[in-house]
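These are the residues of each chain, in order.
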Amino acid sequence: MADLSLDTSGVTASPRGRRVRGYWANVWNRLRYDYVTLFFLTLIILIILTVIFAPWLAPLDPNKSSMAYRLKPVFYKQFMLGTDEQGRDILSRLIYGGRTSLMMGILPVVFATMIGGFFGVLAGYAGGKLNMVIMRSMDVFFAFPSVLLAVAISGSLGGGLINQLITLTVVLTPPLCRVAETSTSQIRSMDFVDAARASGASTLSIIFRHVLINVVSPVFVYASTLISASILLASGLSFLGLGVSPPTPDWGLMLSTLRQSIYVQPLVCALPGVAILITSIAFNLVSDGLRQAMDVKA
Amino acid sequence: MWLYAARRLLMTIPIGLGVTIICFTLIYLAPGDPVQSLLPPDATASDVAMLRAAYGLDKPIPIQYLIWLGHAVTGDLGTSIQTQRPVLEEVTRALSNTISIAVISTVLAFAIALTLGVIAAYRSGGIVDRIATGVAVLGISVPSFWLGVVLVIIFAVELGWLPATGMGSDGSENFSFLHWDQAKYAILPIVTMTLTPLGIIMRTTRSSIAEVLAQDFIQTLRAKGLGKLAIMRHAIWNAMPQILAMLGLQLGYLIGGSILIETIFTWPGTGFLLNKAILTRDIPLLQGTILVLALAFVAINLLVDLVQTVVDPRIKRA
Amino acid sequence: MSTATTTERRFQTVPPGDPNDRGGKAQPMLIVENLRKYFPIHAGALNRRVAEVKAVDGVSFAVLKGETLGIVGESGCGKSTLARLLMHLLPKDAGDLIFDGETVGPGSTLSLKDLRRNLQMVFQDSYSSLNPRLPVEESIAYGPRVHGASRSQAKKTARELLDKVGLRPDLFGARYPHELSGGQKQRVNIARALALNPRMLILDEAVSALDKSVEAQVLNLLGYLKRHFNLTYLFISHDLHVVQYISDRVLVMYLGQIVEIGPVDAIYNRPKHPYTRALLNSRLSMNPNERVETAPLVGDPPNPINPPSGCRFRTRCPHAEAVCETRMPSLGRSTDRAAHLAACHMEDPASGHSLAGPPATSLPPVQIRQ
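So, here's what we can say about the structure. None of these values were measured; they are calculated from a predicted model.

### Quick look at the nonpolar core
One broad trend across soluble globular proteins is that nonpolar side chains are buried collectively.
1) Next: Among the nonpolar cores identified, the biggest contains 249 residues, and Val149(B), Ile201(B), Ala294(B) and Leu234(C) are the most heavily contacted of them.
2) Next: If one sorts the elements of this core by residue count, helix H9 (residues 203–239) of chain A sits on top with 16 residues.
3) Next: Non-local contacts of Ala294(B), meaning those with residues more than four positions away in its chain, are made with Ala143(A), Phe144(A), Leu148(A), Val19(B) and Cys23(B).

### Describing the environment of Pro241(B)
1) Next: Summarising the element assignment, Pro241(B) is placed in helix H9 (residues 228–256).
2) Next: Setting aside residues no more than four positions away along its own chain, Pro241(B) makes contact with Gln308(B), Val311(B) and Asp312(B).

### What to know about the interface of chain B and chain A
1) Next: Each partner contributes residues to the interface: chain B has 38 residues there, and chain A has 34 residues.
2) Next: Only helix H1 (2–29), helix H5 (127–141), helix H6 (144–158), H9, helix H10 (259–265), helix H11 (270–279) and helix H12 (283–311) of chain B provide two or more residues apiece to the side of chain B that touches chain A.
3) Next: Among the elements that make up the side of chain B that touches chain A, the one with the highest residue count is H6(B) (eight residues).
4) Next: Residue composition of the side of chain B that touches chain A, grouped by class: 30 nonpolar, seven polar and one charged.

### Considering unusual backbone geometry
All names here are of chain C.
1) Next: Of note in the backbone geometry, Asp 100 takes a positive phi value of approximately 50° without being a glycine.
2) Next: With respect to the helices and strands, Asp 100 occurs in the loop between strand E4 (94–99) and strand E5 (102–103).
3) Next: Unlike most non-glycine residues, Asn 197 shows phi in positive territory, near 60°.
4) Next: Along the chain, Asn 197 falls in the loop between helix H6 (182–194) and strand E7 (200–204).

### Structural notes on the interface of chain A and chain C
1) Next: Between chain A and chain C, the residue contacts involve 27 residues of the former and 36 residues of the latter.
2) Next: Considering each element in turn, the side of chain A that touches chain C owes the most residues, seven residues, to helix H8 (residues 191–198) of chain A.
3) Next: The residue makeup of the side of chain A that touches chain C, split by class, is 13 nonpolar, seven polar and seven charged.

### Some thoughts on the pairing of strand E10 (residues 257–263) of chain C
Residues and elements named next belong to chain C.
1) Next: Among the seven residues in E10, seven count as buried, and that is most of the element.
2) Next: Two elements, strand E9 (residues 249–254) and E10, share six bridges in a ladder whose sense is antiparallel. Paired with Tyr 254 across the two strands is Gln 257, which belongs to E10.
3) Next: Counting the residues that bridge the hairpin from E9 to E10 gives two residues, and of these Leu 255 lies at a positive phi of roughly 50°.

### Focus on the sheet that holds strand E3 (residues 68–72) of chain C
All names here are of chain C.
1) Next: Strand order in the open sheet formed by seven strands is E6-E7-E8-E3-E9-E10-E11, and the pairing between neighbours is mixed. Here the strands that pair on one side only, and so sit at the sheet edges, are strand E6 (119–122) and strand E11 (341–342).
2) Next: The sheet strands contacting helix H1 (residues 79–86) are E3, E6, E7, strand E8 (232–237) and E9, and the helix crosses E7 at an angle near 150°.

### Thoughts on the pairing of E6(C)
Residue and element names in this part refer to chain C.
1) Next: Of the two faces of E6, the one carrying Leu 119 and Met 121 and the one carrying Gln 120 and Val 122 are both buried.
2) Next: Looking at chain direction, E6 and E7 are connected through four bridges and run parallel. Opposite Met 121, over in E7, you have Ile 202 as the bridge partner.

### A few points about the packing of H6(B) against helix H7 (residues 180–213) of chain B
All names here are of chain B.
1) Next: Packing of H6 against H7 leaves a shortest axis separation of 9 Å and a crossing angle of 140°. By the angle between their axes, H6 is oblique relative to H7. The two elements H6 and H7 meet at a crossing, and its hand is right-handed. Packed against H6, whose contacting residues are Ser 144, Leu 147, Gly 148, Leu 151, Val 152 and Phe 155, the element H7 presents Leu 188, Val 191, Thr 192, Leu 195 and Thr 196 at the interface.
2) Next: Grouping the constituent residues of the contact of H6 with H7 by class yields seven nonpolar, four polar and no charged.

### A look at H1(C)
1) Next: A large share of H1(C) lies buried, amounting to seven of its eight residues.
2) Next: At the exit of H1(C) stands His88(C), carrying a positive phi of roughly 60°.

Cut-off values and rules
Residues numbered from 1 in each chain as written. Chains lettered and ligands numbered in written order. Predicted model: local features only at pLDDT ≥ 70, side-chain atom pairs only at ≥ 80, totals over all residues. Core = buried A, V, L, I, M, F, W, Y, C linked by C-beta atoms within 7 Å. Buried ≥ 20, exposed ≤ 12 C-beta atoms within 10 Å, placed from the backbone. Helix = DSSP H or I, 4+ residues; strand = E, 2+ residues; numbered from the N terminus. Contact = placed C-beta atoms within 7 Å. Nonpolar A, V, L, I, M, F, W, Y, C, P; charged D, E, K, R; others polar. Pairing = 2+ DSSP bridges. Axes fitted to C-alpha atoms, helices over the stretch in contact; angles between N-to-C directions. Parallel < 35°, antiparallel > 145°, perpendicular 65-115°, else oblique. Left-handed = near helix turned anticlockwise from the far one by under 90°.

If you want it as structure tokens, here you go:
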């Protein structure tokens, strides 16, 4: 039996029986009309699918070199985008190279989110001395510009795929940790966390049930902006010879080796960079759009 | 104010120390024994041990760190293995080359970004706004090393107006900004360097000014009858601290991260030096360069913080 | 909202046979003994502790079973800190908290988790009192789940409680906080507090953020729930009218200390402490002929970091004398539930204050405001 002075605002049933939408449904609803973001999101999905199905989509063998067909221009016979200085098909090498570049863009961000997120939430929730220790340690890494840090670690560890992955993860962890920490401390100071503590919940339960769902979205949005930076850093490192070693196709590496030949076939030599540019722009615009869709109070 | 400055300086010291620790330990990440690589393969064990002792590599690592730190503080960063010249000398010479183009790029980026950003915020949604947003996206997405290659292709290969690489026709000895013959070597590097900071500063300018314009006191000014131009002046002045902070940060990034651009243009700055040191495994040079660049970045950040407290009265100087 | 001036209100005692009652009818639900909480302030180049904010400084009182104890005071008097201390959300520096005859914590019969089942808090309706990412029934169901209820059971409890507070569960259960009005959010807050079936509720500024009409509805709801669930309330507010409406006894706080405590009508009609008198005199009247021309209380409250020596109110008290500077007046104790005590030297004949003497003749009567 309810109190007679019932709060009746909003009790009138809507004619279509409107179901309450969840948070992500609202985000999707806003994204639906953002055509720019949708276009680039489709582009990214296409790129990812292309590189996954590289063996079926690449017209020729990316490693098959041929002295007769060195540095041919675009649309030369079967070489749609020309050939490189060893006579290999550029298009196929771009498609296969995309595997390395995309992997170097996405994987380090994923790892850095997990590691940085863990430490950030820990520091944000615990506060006090633990917070200080963790954040000051991260601050030391912040004292390096990212390119310098990447080059320094990479230069010391040596080249290779695994080392590049480690380098990029280390470079990307401090910013993610900081974002996670800021977000978590903000949530920590809110009354509903106190209410959860007042119900006798353990710290772990509160973090998983109440804190994480609020922290996930700002961290996720920030992580998505880091993907393009990671791709750029990775290709920069490969360009300097600190990434995968030849003959593995990689966009940055291709740019580096083709650089010698810009006087012969300038257009062809610029192509790997175009691939990097387009992918980077796509990720940037999509993460921007995502941020706008998630920013407004759902 | 000076008390605050002193306190900030004090807080920077632990970070500076942390930076030195990282610079020092990086070398130990390297696979392989640094001493072995210096000797011919038929060296005897006693030779190895002797060389190790000579370099001080037989002492425990923390001791080595302290010795190295002690030397570094007095300015002795060791001797480059390749050129046999003192590291500090090499680095300072290269640093001046890097700073010259970095500063010019930053100033250029700031000027263009501020103008475009203000116009974009003033006529929000207009054509300048769209161009500005496009440039901003390009700035943060473009790989700088690729842009350099493209510019070289256009201006050096196809058109032949500007030289492709180098700093002056006689190496960097005769370089001077005052003579076109020499100065033209700097144009492409500067243009390449400008784009990314341009994009970032423009974005920051636009969003800062938009943020300020959305505040209540702007409405008060409009209600008092202030013209749009005067309101923009107020908005710019209020947004300045954030913009200046980003400016300083970008300058720091340019100085510390110049390796890619300098490699493309063979510009003999600290980035180029770094590249050379990595390729030749010149450990003292590598350590020294990284240390100087990192500390320069820390110093620039500190400066930006202090300028912020002067410019932004909201920051407590407690 | 009527104020009963002619008849003194009686306490609503707990009906006999309350199954959760462990201490018995005479045992106060909550005894607070000399509670102290200081917040350190760090400053200077090395961030050393330079001073302390004496937020709660030696507070002692009891909450009787079945009553509503109102706590009034201005901003900064320490009432919110007190609420959090009682809920064990902040660690105390000194003092004892005894719930239904048992102390709380390790080495005692009442664990902290068990205390949580008995004592809950309703927060002020700010945007942060409910998790913006959880539907409200999940927020309410969280408490029972923590204590072992199954998912469906907890949800059932949540929906029943929503119904009890006047929100239709099928319409409001799956909603998010941003889809509710202020009054609705506050009902959810109350439902959440009731989810663990507590015996006592602390309401910290629970109606302060609501419009007046909604406030009335929520106050009526609180009254209904108290009778229905046999609850004891600790009602904290800065709004004198609301506290008068809902409370059985009232406690007045100033700068971290209790200055007066007693039955609501005694406090509002015959206040003893000069601060209480000034506070009551500053209420505005609905009658335009009774305007308050001069402020009864001048100046800002002094700094809680460096409170005045002796009686903390002496810097603003019209009756301050030398003894007020040297000795801190004590509230006194009494075994009588209806005791009306004030921490003022004028109430203590042995203090040496010139106006100290039999209470009836010491101060002029207070104007009664409707």
